[in-house]
Amino acid sequence: MSVTTKRKHVTREQICGDFSPPADDELIVRILEGKGHNLHLVSDSKGDEFLVTMPSKFRRAIWVKKGDYLIVKRITEGVKVKAEITKILDNDYIKYLKDLGKWPEAFLKKDEDCDLFDGGNPNKRGEPEGASHSESSSDESD
């Protein structure tokens, strides 16, 4: 299977995958920061912080950022890295888990405290200061 085909299948699995609650040995966590080399510092609903690894099938196909939610599976032999990512949660998946009552209460409180969209301010969404959407030429010397 080519790299492009593999990437397509992994992406489709994440986007169109079936919604299922996490298994007994899986946790819902929130990304605190990326540490590099496919490692991420996460926090679980109890406030414990630990490192998780991204499996090779997700690398270069799926990107995650600070504040995203994941389902991870514990690694028993892990000393520094204690879990592996199994699913990346999008808004629909999170809504499904909330409807089932499987969403951790600690994450509900954090979501209410921080407003991610901040009234539509474009600078909060990664657009640099002074950037505009239209390019107009101010050269009138012709």
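Quick note: structure is the one above.
Residues numbered from 1 in each chain as written. Predicted model: local features only at pLDDT ≥ 70, side-chain atom pairs only at ≥ 80, totals over all residues. Heavy atoms only, no water.

Before going further, it helps to examine the packing of aromatic side chains. All chains considered together, the criterion is met by six aromatic pairs. An angle of 35° between the planes, with centres 5.6 Å apart, marks the rings of phenylalanine 19 and tyrosine 96 as tilted. Of this pair, phenylalanine 19 sits in the loop between α1 (3–16) and β1 (26–36) while tyrosine 96 sits in helix α2 (residues 91–100), and the two are 77 residues apart along the sequence. Under the relative-accessibility criterion, tyrosine 96 is labelled partly exposed at 28%. A connected cluster of aromatic rings, assembled from ring pairs, spans Phe19, Tyr93 and Tyr96. The aromatic ring of phenylalanine 50 is capped on one face by arginine 74, whose charged end is 4.7 Å from the ring centroid. (Phe/Tyr/Trp six-rings, centres within 6.5 Å; stacked < 30°, edge-to-face > 60°. Helix = DSSP H or I, 4+ residues; strand = E, 2+ residues; numbered from the N terminus. Buried < 20%, exposed > 50% of the residue type's maximum accessible area, 1.4 Å probe, protein only. Lys NZ or Arg CZ within 6 Å of the ring centre and 35° of its normal.)

The next subject is the pattern of salt bridges. For the structure on display, the rule yields four salt bridges. Note that lysine 73 is salt-bridged to aspartate 25, the shortest N-O span being 3.5 Å. Of the two residues, lysine 73 is situated in strand β4 (residues 69–74) and aspartate 25 in the loop between α1 and β1; the sequence distance between them amounts to 48 residues. A relative accessible area of 39% means that lysine 73 is categorised as partly exposed. For aspartate 25, a relative accessible area of 39% puts it in the partly exposed group. Here lysine 65 and aspartate 68 are joined by a salt bridge, their closest N and O atoms 3.2 Å apart. (Salt bridge = Lys/Arg side-chain N within 4 Å of Asp/Glu carboxyl O.)

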